[in-house]
Each structure stands twice: as structure tokens, then as C-alpha cells.
Amino acid sequence: EKEKGLIRDSWESLGKNKVPHGIVLFTRLFELDPALLTLFSYSTNCGVAPECLSSPEFLEHVTKVMLVIDAAVSHLDDLHTLEDFLLNLGRKHQAVGVKTHHNTQTSKMTMRLTMIFGEKSLLYMLQSSLGPAYTTPLRQAWLNMYSIVVSAMTRGWAK
Ligand code: HEM
């Protein structure tokens with residue numbers, strides 16, 4: 001349908017430059033919530049966010065995130081085939097949060113905040129790279145896809 005076309009068309013150019021766009025996304029994320037930086041064990045190797053985001057470990061994670069988005073965009077017609085992968089991915093991130101917080105309640109909250117900030121950061125990245133092509137229907141289309149991905153990750157988290 002129309003939403004899928006909007007996502008595919010906008011990803012066509014963004015997806016060719018995953019790392020730079022991923023850096024824009026994560027720069028915004030760490031601006032919104034600097035504490036998220038400490039969830040990465042390797043954040044001890046760097047100081048402030050901009051420095052971290054140029055380190056190989058962080059760049060690798062940025063790349064992984066962009067590849068997940070890429071997979072979601074290529075599977076818009078059959079997102080359910082990613083379900084197991086996303087459940088598992090959510091579970092892996094739960095382990096990250098739990099290790100840092102020692103307390104499941106706090107880490108669940110962190111996950112929720114992360115998802116909210118993640119949404120804002122994704123939209124920020126889209127807006128700053130698409131300029132006038134960033135329209136309300138496009139924004140809505142991306143939000144819908146994002147919420148499907150996040151809801152699968154969160155279900156894996158809950159298990
Ligand atoms: C792995 C943290 C968001 C996709 C990891 C790892 C950490 C981590 C610590 C393990 C070390 C590594 O591979 O670098 C976080 C934090 C996030 C976040 C703190 C939010 C602030 C995301 C998002 C996605 C994602 C939004 C994709 C939608 C992945 C993937 C892996 C990974 C694909 C590799 C998993 C594997 O080893 O199989 N993440 N992550 N991450 N993350 Fe994230």
C-alpha cells in the first residue's frame with residue numbers, strides 16, 4: 001500500500017549511507033538520554049558521545065541497528081518472518097539492561113524510555129536527511145513500522 005511505498009522510497013537513498021545516518025540517529029539518542037551510553041560496556045573506552053560514536057565498537061553497533069532497519073524495510077510485506085529474530089534481539093537487550101541495573105523493574109523502564117527516545121531519534125534522523133520530503137504521512141508510515149519492530153522486541157524482553 002501507500003505507506004510501504006513511502007518507507008521504501010525514503011530508505012532507497014538513506015540505506016545507501018547507513019553509517020552516517022546511524023550516527024545522526026545515535027548522536028540524537030545520546031543527547032536525549034546521555035545515560036544510555038553507559039549501557040554499552042565498551043563506553044568506558046571513550047569519553048563523550050561524539051568520541052564514542054567514532055570508536056569501532058560503537059560504529060559496529062550503529063551498523064547492526066541500521067541493518068535491522070534495512071531488514072524491516074525489505075520485509076514490509078512479511079514482517080512476521082522477522083518475529084523470531086526480533087524476539088531474540090529484544091531478549092539480548094534485556095540482558096544488557098539487567099546487567100547494568102541489577103533490577104528488572106528499572107531495566108524495563110530503561111527499555112521503555114529507550115524505545116521512546118529511539119522513536120524520536122529515528123524521526124530526527126529522517127527529518128534531517130529527507131528535508132522537505134519528510135511529510136506527515138511519511139512520518140506516520142515510519143512510526144507504524146517502528147512500533148511493530150519495537151513491540152516484537154519488547155515481547156522478547158517480557159519472556
Ligand atoms: C547488540 C546495546 C539499541 C540492534 C547490542 C549490544 C549492546 C547493545 C550492549 C551487545 C554488544 C554489541 O553488539 O555492540 C543497545 C542499546 C541500545 C540498543 C543500549 C539503545 C540505546 C538497538 C536497536 C537495535 C539494536 C534499536 C535494532 C533495531 C542490535 C543488534 C545487536 C545488538 C542487531 C547484535 C546482537 C547479536 O549479537 O546477535 N546492543 N542496543 N540495538 N544490538 Fe543493540
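Looking at the overall build of the protein chain
Okay, step 1: A tally of helices and strands in the protein chain yields 7 helices and 0 strands.
Okay, step 2: Traced from its N-terminal end to its C-terminal end, the protein chain shows the element sequence α-α-α-α-α-α-α.
Okay, step 3: Relative to a compact globule of 159 residues, whose C-alpha radius of gyration would be 15 Å, the protein chain shows 15 Å and is just as compact.
Okay, step 4: Dimensions of the protein chain, computed from the C-alpha atoms along their principal axes, are close to 45 × 35 × 25 Å.
Okay, step 5: Across the 159 residues that make up the protein chain, the buried fraction comes to 42%.
Okay, step 6: Within the protein chain, counting contacts between residues at least 6 apart in sequence, those at least 24 apart form 70% of the total.
Okay, step 7: Total accessible area on the protein chain is roughly 8800 Å²; 60% of this is exposed by carbon and sulfur atoms.

A few points about the coordination of the iron atom of the ligand
Okay, step 1: Protein coordination of the iron atom of the ligand is provided by His61 (NE2) and His93 (NE2), with donor distances spanning 2.0 Å.
Okay, step 2: Coordination at the iron atom of the ligand is octahedral, judged from the 6 donor atoms that bind it and the angles of 87 to 179° they form at the metal. Remark: His93 occurs in helix H5 (residues 83–101) and His61 occurs in helix H4 (residues 56–74); sequence separation between them is 32 residues.
Okay, step 3: Assessed through its relative accessible area of 16%, His61 is described here as buried.
Okay, step 4: His93 gets classed as partly exposed once you look at its relative accessible area, which sits at 28%.

Brief notes about the nonpolar core
Okay, step 1: One finds Phe30, Leu126, Trp142 and Met145 to be the most contacted residues of the largest nonpolar core, which totals 45 residues.
Okay, step 2: Breaking this core down by element, the ones donating at least two residues are helix H1 (2–14), helix H2 (18–32), helix H3 (49–52), H4, H5, helix H6 (104–130) and helix H7 (136–158).
Okay, step 3: When residues of this core are assigned to their parent elements, the largest contribution, 10 residues, is made by H7.
Okay, step 4: Filtering out sequence-adjacent residues up to four positions away, Met145 remains in contact with Ile7, Ile69, Ala72, Val73, Leu76 and Leu79.

So, the packing of aromatic side chains
Okay, step 1: This structure, assessed with the given rule, holds 7 aromatic pairs.
Okay, step 2: Consider the rings of Trp11 and Trp142, whose centres lie 5.8 Å apart with planes at 55°: the pair is tilted. With a gap of 131 residues between them, Trp11 in helix H1 and Trp142 in helix H7 connect regions that are remote in the sequence.
Okay, step 3: According to the relative accessible area criterion, Trp11 is buried, its value standing at 5%.
Okay, step 4: When the centroid spacing of 6.1 Å and the interplanar angle of 85° are considered together, the rings of Phe30 and Phe40 count as edge-to-face. Of this pair, Phe30 sits in helix H2 while Phe40 sits in the loop between H2 and H3; the two residues are 10 residues apart in sequence, bridging distant segments of the chain.

Notes on H4
Okay, step 1: For H4, which comprises 19 residues, the first-to-last C-alpha distance of 26 Å matches the rise-based estimate of 27 Å (1.5 Å per residue) to within 8%.
Okay, step 2: By the burial criterion, the buried members of H4 are Phe58, His61, Val62, Met66, Val68, Ile69, Ala72 and Val73. Burial along H4 is one-sided: seen end-on, the buried residues are contained in an arc of 150°. Of the residues in H4, the exposed ones pointing more than 90 degrees away from the buried face are Pro56, Glu60 and Ser74.

Cut-offs and rules
- Sequence order as written defines residue numbering, which begins from 1 separately in each chain.
- Local features are withheld for residues below a pLDDT of 70 in this predicted model, meaning they are given only at 70 or higher, and side-chain atom pairs are given and counted only at 80 or more; totals for whole chains, interfaces and linings count all residues.
- As a convention, hydrogens and water are excluded, and side-chain values are obtained from all of the structure's heavy atoms.
- Runs of E in the DSSP output that reach at least two residues are strands. Runs of H or I that reach at least four are helices, and both are numbered from the N terminus.
- Radius of gyration here uses only the C-alpha atoms, and the compact-globule reference equals 2.2 Å multiplied by the residue count raised to the power 0.38.
- Buried means the residue's accessible area, taken with a 1.4 Å probe over protein chains only, is under 20% of the maximum for its type, while exposed means over 50%, and partly exposed covers the values in between.
- Contact definition: two residues touch when any of their heavy atoms are within 4.5 Å.
- To be clear on the numbers: accessible area is Shrake-Rupley with a 1.4 Å probe, and residue cover counts the displayed protein chains and nothing else.
- Donor selection uses N, O and S atoms within 2.8 Å of the metal (3.2 Å for Na, K and Ca). Since no water is included, sites may look incomplete.
- Think of it this way: with four donors and all angles in the 85 to 135 degree range, the site is tetrahedral; with four or six donors, opposite ones beyond 155 degrees and the rest between 65 and 115, it is square planar or octahedral; otherwise it is irregular.
- To qualify as a nonpolar core, a set must consist of buried Ala, Val, Leu, Ile, Met, Phe, Trp, Tyr and Cys residues joined through side-chain atoms within 4.5 Å.
- Any two of the Phe, Tyr and Trp rings considered here, Trp counted by its six-membered ring, make a pair once their centres fall within 6.5 Å; the pair's planes then place it as stacked at under 30 degrees, edge-to-face at over 60, or tilted in between.
- By this rule the span expected of a helix is its residue count minus one, scaled by 1.5 Å.
- The arc in question is the one traced by the directions running from the helix axis out to the C-beta atoms.

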